[in-house]
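Coordinate inspection notes
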Amino acid sequence: MSTLPETQFHSDLDSSPLLLPAKVLRNDAEALQAARELADAAREQAARRDQQRKLPWAEIEQFTRSGLGSISVPKAHGGPDVSFETIAEVFRLISAADPALGQIPQNQFGMLQLLRVTATEAQQAQIFRSVLDGWRIGNAGPERGTKDTLTLKARITRSGDGYRISGEKFYSTGALFAHWVAVKALDDEGRQRLAFVRRGAPGLRIVDDWSGFGQRTTASGTVLLDQVPVDAELVIDNWRQRDLPNIQGAGSQLIQAAIDAGIAEAAIDDAIHFVRDKSRPWIEAKVERASDDPYVIADIGRLKLELHAAQALLRKAARVLDEVNAAPIDAQAAARASIAVAEAKVLTTEVSLQASEKLFELAGSRATLAEFNLDRHWRNARVHTLHDPVRWKYHAVGAYYLNGTLPARHSWI
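Summarised in this report is the structure supplied together with it. (Residues numbered from 1 in each chain as written. Predicted model: local features only at pLDDT ≥ 70, side-chain atom pairs only at ≥ 80, totals over all residues. Heavy atoms only, no water.)

So, the packing of aromatic side chains
Overall, the coordinates contain 10 aromatic pairs when judged by the stated rule. With 4.7 Å between their ring centres and 65° between their planes, Phe-170 and Tyr-171 make a pair best called edge-to-face. You can call Phe-170 buried: its relative accessible area is 7%. Both rings, one in Phe-213 and one in Trp-378, keep their centres 5.8 Å apart while their planes meet at 5°; by these two values the pair is stacked. One end of the pair, Phe-213, is in the loop between β6 (204–207) and β7 (222–230); the other, Trp-378, is in helix α11 (residues 375–384), and 165 residues separate them in sequence. In this structure Trp-378 comes out as partly exposed when scored by relative accessible area, which is 33%. Among the aromatic residues, those joined into a cluster by ring pairs are Trp-135, Trp-180 and Phe-196. Its guanidinium or amino end placed over the ring of Phe-170, Arg-144 lies 3.7 Å from that ring's centre, counting from NZ or CZ. (Phe/Tyr/Trp six-rings, centres within 6.5 Å; stacked < 30°, edge-to-face > 60°. Buried < 20%, exposed > 50% of the residue type's maximum accessible area, 1.4 Å probe, protein only. Helix = DSSP H or I, 4+ residues; strand = E, 2+ residues; numbered from the N terminus. Lys NZ or Arg CZ within 6 Å of the ring centre and 35° of its normal.)

As structure tokens, this is what we get:
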């Protein structure tokens, strides 16, 4: 893990984080090795960071410097363009160690996928190159106080040769750590545009006011924009995405599912270790060790089976995305990808919640002590799985298989 002090990473909330040299990984194997090394480094202090709400600056810098931030950059632009199967495994590995660290860069990968769909060649070249050089992309899309998550109040207007953006964003995961802040806003014609705003731009302010009880160190708070200038070449016609069959939403959802799978794995592992090393057996079990209680054994077996099923569907969904991505994408192919990811999302959501809650029933009352901070698993699972209601995944899957209905196409499906 990096030994650089936190003050070397950033000076204040409005200035850009220090830009450090980043490695460019060559292939999937190197990406997986970098993820394992980061997970090993991040796991040691993850519980303490959650307790103290200490943002993982050193860990996110290791993520970037290791080259993990650019693993989905296309080969034509100098990146390794690893498979979706590798991307899912990278996020699962990291999130099993610290799911907040897994969530921080998730929007960067969604943005890189979106660039392939809607950005011009010149825009792709500039932003892909910056990511290879170690720039991070943060999110400023969702807003509070609107009818739904797709409704925007932020506006982007022409100003001379460029544009200016005004608005207020929330759930801005990654923005505090970013060099680019990707802002969604409506133009004068009511169309959604996506602007890449440089950190430090006048009128841009990031507020570290995330108070969610889970994923506490993601800094997913407020972004304020007051007539922020942005270059015309950094404004993308994001509205075009709705008319083009694509897998951008499915790719984003795959990462969400991988994070939840990581949370579930960590909760089950901690339950096993606690039962083995610290729990006392229930008196009616008449056994010497809690790990010999037949009901505890059976419940651990069920959790492991459900975890393995969720992991299998996650891998299957990633392979479907790789297959779809390898050919021209039409509406049927895009739907196939979305449904495969929706199936995985259902199981990863359910096992992350069940495992993180069942942990306490199996480990006993001692496991609730603050010194162990085991409740972080449930808090993280409960907050992260609220990105979209899993009940609608059941509906999408059922409608697809029963009636041949193609799922809606947006960033949550």
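Section: the side chain of Gln-108
Structurally, Gln-108 is set in helix α6 (residues 106–118). When sequence neighbours within four positions are dropped, the list of residues in contact with Gln-108 reads Gly-69, Val-131, Trp-135, Arg-136 and Ile-137. (Contact = heavy atoms within 4.5 Å.)

A look at the nonpolar core
Counting residues in each nonpolar core, the largest one holds 88 residues, and the members touching the most others are Leu-68 and Phe-196. Among the nonpolar cores identified, the runner-up in size contains 21 residues, and Ala-264, Ala-267, Val-296 and Leu-359 belong to it. (Core = buried A, V, L, I, M, F, W, Y, C linked by side-chain atoms within 4.5 Å.)

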